[in-house]
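Chain residues, written in single-letter form:
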Amino acid sequence: DIAEIIQETRLPVYLKGVLTVNDALQAKALGAAGIIVSNHGGRILDGVPTSIEMLPLIRQAVGKDMVILCDSGIRRGSDVFKAIALGANSVLLGRPVIYALATAGAMGVAHCLRLLKDELQLTMALTGCGNINDITLDKIRLP
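Residues numbered from 1 in each chain as written. Predicted model: local features only at pLDDT ≥ 70, side-chain atom pairs only at ≥ 80, totals over all residues. Heavy atoms only, no water.

Chemist: Explain the sheet that holds strand β4 (residues 90-91) residue by residue, including any values.
Modeler: Within a sheet, each strand pairs with its neighbour through backbone hydrogen bonds, oriented either parallel or antiparallel. Across the sheet, four strands lie side by side as β1-β2-β3-β4; this open sheet has parallel pairing. Strands at the two margins of the open sheet, each flanked by one partner only, are β1 (14-18) and β4. (Pairing = 2+ DSSP bridges. Helix = DSSP H or I, 4+ residues; strand = E, 2+ residues; numbered from the N terminus.)

This is the structure in structure tokens:
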């Protein structure tokens, strides 16, 4: 079905819920524009690996040309930094924005996004990164 959808549209198709190297390679083979590495907030099955754990393995497998977005567990600017260092092109936000919206409406969302931006910029400054392209794997410590 995915191959047919990709063939029938001119829109870029991104596949969400990719959490294994095999699924990522299959998405690439089908011609997906990109993938979203996600465990859907960890609510699917107890013991599923986190997105951040699988991200570097998936990036290594699909190469540098495929767009990878990452979600699940992005709560701070330093989480954005780590995801980019581990191979994500960008991140997606869920709960922080929803909580901010529920708490303070549109102004809450604006404040939430500003905090994330400020935290990311501070993390970049503390690691010597002048721009997003400077964020590399050697800037973080892996367990």
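Chemist: Tell me about the side chain of Ser-38, residues and numbers included.
Modeler: Structurally, the position occupied by Ser-38 is in the loop between β2 (34-37) and α3 (51-62). Side-chain polar atoms of Ser-38 contact the side chain of Ser-72, separated by 3.3 Å. Here Ser-38 is in contact with Lys-16, Gly-17, Val-18, Leu-19, Ser-51, Asp-71 and Ser-72, once residues within four sequence places are set aside. (Polar contact = N/O pair within 3.5 Å; in protein donor to acceptor, adjacent residues only side chain to side chain. Contact = heavy atoms within 4.5 Å.)

Chemist: Tell me about unusual backbone geometry, and name the residues and values.
Modeler: The phi dihedral of Ser-72 falls on the positive side, at around 85°, and the residue is not glycine. As for its placement among the helices and strands, Ser-72 is situated in the loop between β3 (67-70) and α4 (77-85).

Chemist: Give me the pairing of β3: which residues, what numbers.
Modeler: As defined by bridge partners, β2 adjoins β3 across four bridges and the pair is classed as parallel. Looking at β3, one finds that Val-37 is bridged to Cys-70. Direction of pairing for β3 relative to β4: parallel, over a ladder of two bridges. The residue bridging Leu-69 from the neighbouring strand is Ser-90, located in β4. Taking the sense of rotation as the criterion, the β-α-β connection linking β3, α4 and β4 turns out right-handed. (Right-handed = clockwise from strand over helix to strand, strands pointing away.)

Honestly, it's all geometry; don't read function into it.
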